[in-house]
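# Structural overview for review
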Amino acid sequence: MLRKDFAVFAAALSAVLAGCSGGAESQGAPPPAEVTVATPFLGEVLDWDDFVGRFEAPENVDVKPRVSGYLIRTHFRDGQYVRRGQLLFTIDARPAQAQVDQARAQLVRAQAQAVNARTELARSQKLAAQRAASVEEVEQRQAALRSAVADVTAASAALRARQLDIGFTRVVAPISGQVSQRLVDPGNAVTADQTVLTTVVSTNPLHFSFDGSEALLLRFQRQDSSRLGSTVRIKLQDEAQYVHAGRLDFVDNSLNAGSGTIRGRAVVPNPDGFLKPGMMGRLRLASSAPYRALMVPDTAIATDAARRVVYVVDSKNVVSVRPVQLGPLNGTLRVIRSGVTPQDQVVIGGIQRAMPGQKVKPKKGRITPPTTSEPEGPTPQAPPPSVATSVGA
């Protein structure tokens, strides 16, 4: 009887143990993590280098009078666009006119003396032919005539100079551009070549000056001995995209010994006058010829100590780590110089669940091409107004 009860107990215990073993096997290991994978995007890109610089006027002229006198009239509105030769100021011309009249009188007197000297010389030569005058007298008359002719030349030059002074009482724009405010009001005395009446700056085109490092200069020179004419793009401090186009037209002949930089300059068309001299901006200079490159989302790149890596899923759905050499950012995609191939399945989604050496459940994804060849920056926030009031208050 006891033996039979023991057999029944042993059978029941075996059944319980078998049931427990089956439950453990049904739970098993956790399922593989789901990740999104895609092959790198292959596209044509163009590398750019960024610089900070400032717009400058190609021509900047201080308008000064060329004669002294009293300013009697202004002929422009502050800030307007003026053309070369346009009348800006008028200086009282009466003193200059008086000097012209005086110079003209001196010229008439010198001409009369020259006529008289010529008559005296003719008379002396006639008498000398009749042996009624000496050779010395003829020579004296010739010298007097030469002196009189020289006096006429000097008087003519003095008259032209005084006539120039008359013209200089009309102060005209030396260049075409935007004029500043007047610095001297009518009624004030001005001094020739000293008093600044206003300034005029040219506005179309403008120069954009920037400084580049010696390393960049060396790279440009090794790639191409001449970068002049290269395309540039510029954006202002409140712009998200590089919307202003220009071209590189000047690179200085030496580096600044203090900063180790070299000055470059671009020419930027400004037909509507929107750009102003003195504005700051960021310039993007093409630093390579167009080339084919592999790109992955910037979010798919991880950091492993000092290395930058991506996660790749192989044919057995096992994750492995690939160190990569990064290139520039192209929109939301990062150029990969080396480390991946066009056939690699790169983890672009669920990267935090990808563990090297572990199996995953890959889901097919796709890397969309960038929307622009030039990456956009965040839109800067303009400073808020200082005060606001209710409408109708």
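Residues numbered from 1 in each chain as written. Predicted model: local features only at pLDDT ≥ 70, side-chain atom pairs only at ≥ 80, totals over all residues. Heavy atoms only, no water.

### Quick look at the environment of A122
Keep this limit in mind: Labels follow the DSSP assignment, with helices taken as runs of H or I lasting at least four residues and strands as runs of E lasting at least two, numbered in each case from the N terminus.
Inspection of the secondary structure puts A122 in helix 2 (residues 94-129). For the pair A122 and R141, spaced 19 residues apart in the sequence, the C-alpha separation amounts to 8.7 Å.

### Quick look at the packing of aromatic side chains
What describes a pair of aromatic rings is the distance from one ring centre to the other and the angle between the planes of the rings. Operational definition: Each Phe, Tyr or Trp ring, with Trp reduced to its six-membered ring, pairs with another whose centre is within 6.5 Å; inter-plane angles below 30 degrees give stacked pairs, above 60 give edge-to-face pairs, and intermediate values give tilted ones. Exposure is judged per residue with a 1.4 Å probe applied to protein chains only, and the accessible area is read against the type maximum: over 50% gives exposed, under 20% gives buried, and values in between give partly exposed.
For the structure shown, the criterion picks out three aromatic pairs. Ring centres of F51 and F210 lie 4.9 Å apart, and the angle between their planes is 40°; on these two criteria the pair is classed as tilted. Residue F51 is found in strand 3 (residues 48-56), and its partner F210 is found in strand 12 (residues 206-213); the two are separated by 159 residues along the sequence. Accessibility classification places F51 together with F210 in one group, the buried group. With 5.3 Å between their ring centres and 85° between their planes, F76 and F89 make a pair best called edge-to-face.

### Let's talk about unusual backbone geometry
Between N204 and the following residue, P205, the backbone shows a cis peptide bond with an omega angle of 0°. By the secondary structure assignment, P205 is in the loop between strand 11 (198-201) and strand 12. Phi angles above zero are rare outside glycine, and D193 is one such case at about 60°. Within the secondary structure, D193 sits in the loop between strand 10 (189-190) and strand 11. The class for D193 is exposed, based on a relative accessible area of 54%. Positive phi values are uncommon outside glycine, yet A305 reaches one of about 60°. Checked against the element boundaries, A305 lands in the loop between strand 18 (302-304) and strand 19 (307-313). When its relative accessible area of 73% is taken as the criterion, A305 is described as exposed.

### Some points on the confidence of the model for the chain
We count it as follows: In predicted models, pLDDT denotes the confidence assigned by the predictor to each residue on a 0 to 100 scale. In what follows, residue pairs with any heavy atoms lying within 4.5 Å of each other are defined as contacts.
Residues of the chain with pLDDT of at least 70 account for 84%, and the chain-wide mean is 82. Note that pLDDT drops below 50 for residues 20-26; the model gives that stretch zero contacts with residues more than four away or on any other chain. In the model, residues 386-390 has pLDDT below 50 throughout and makes zero contacts with residues more than four positions away in sequence or in other chains.

### A look at the sheet that holds strand 21 (residues 325-330)
Applied cut-off: Strand pairing follows a simple DSSP-based rule, namely that at least 2 bridges must link the two strands. Angles shown run from 0 to 180 degrees and are taken between the N-to-C directions of axes, each axis being a line fitted to C-alpha atoms and, for helices, limited to the stretch in contact.
Read from one edge of the open sheet, four strands run 2-17-22-21, paired in antiparallel fashion. Either end of the sheet is taken by a strand with one partner, and the two such strands are strand 2 (41-45) and strand 21. Taking the axes of each pair of neighbouring strands and ignoring which way they run, one obtains an average angle of 45° across the sheet. In terms of strand pairing, strand 21 meets strand 22 (residues 333-338) through four bridges, oriented antiparallel. Across the sheet, L329 pairs through a bridge with R334, a residue of strand 22.

### Concerning the side chain of E239
Cut-off, in case you're wondering: We score Asp and Glu as negative and Lys and Arg as positive, and we do not count His or the chain ends. Here, a salt bridge means any Lys or Arg side-chain nitrogen found within 4 Å of an Asp or Glu carboxyl oxygen. N or O atoms within 3.5 Å of each other form a polar contact, as long as, within protein, one can give a hydrogen and the other can take it, and as long as residues adjacent in sequence are counted only when both atoms are side-chain atoms.
Take E239: it is sitting in the loop between strand 13 (231-236) and strand 14 (244-251). It is K235 that comes nearest to the buried, bridge-free E239 among opposite-charge side chains, at 8.2 Å. A distance of 2.9 Å separates a polar atom in the side chain of E239 from the backbone nitrogen of L236. Of the polar contacts made by the side chain of E239, one reaches the side chain of H244; its length is 3.1 Å.

### Observations concerning the pattern of salt bridges
Under the definition given, this model contains 12 salt bridges. Of the charged contacts, one joins D47 and R337 as a salt bridge, the two residues approaching to 3.0 Å between their closest N and O atoms. Of this pair, D47 sits in the loop between strand 2 and strand 3 while R337 sits in strand 22, and the two are 290 residues apart along the sequence. A relative accessible area of 39% places R337 in the partly exposed class. Linking D185 and R182 is a salt bridge whose minimum nitrogen-to-oxygen distance equals 2.8 Å. Look at R182 and you get partly exposed, because its relative accessible area is 35%.

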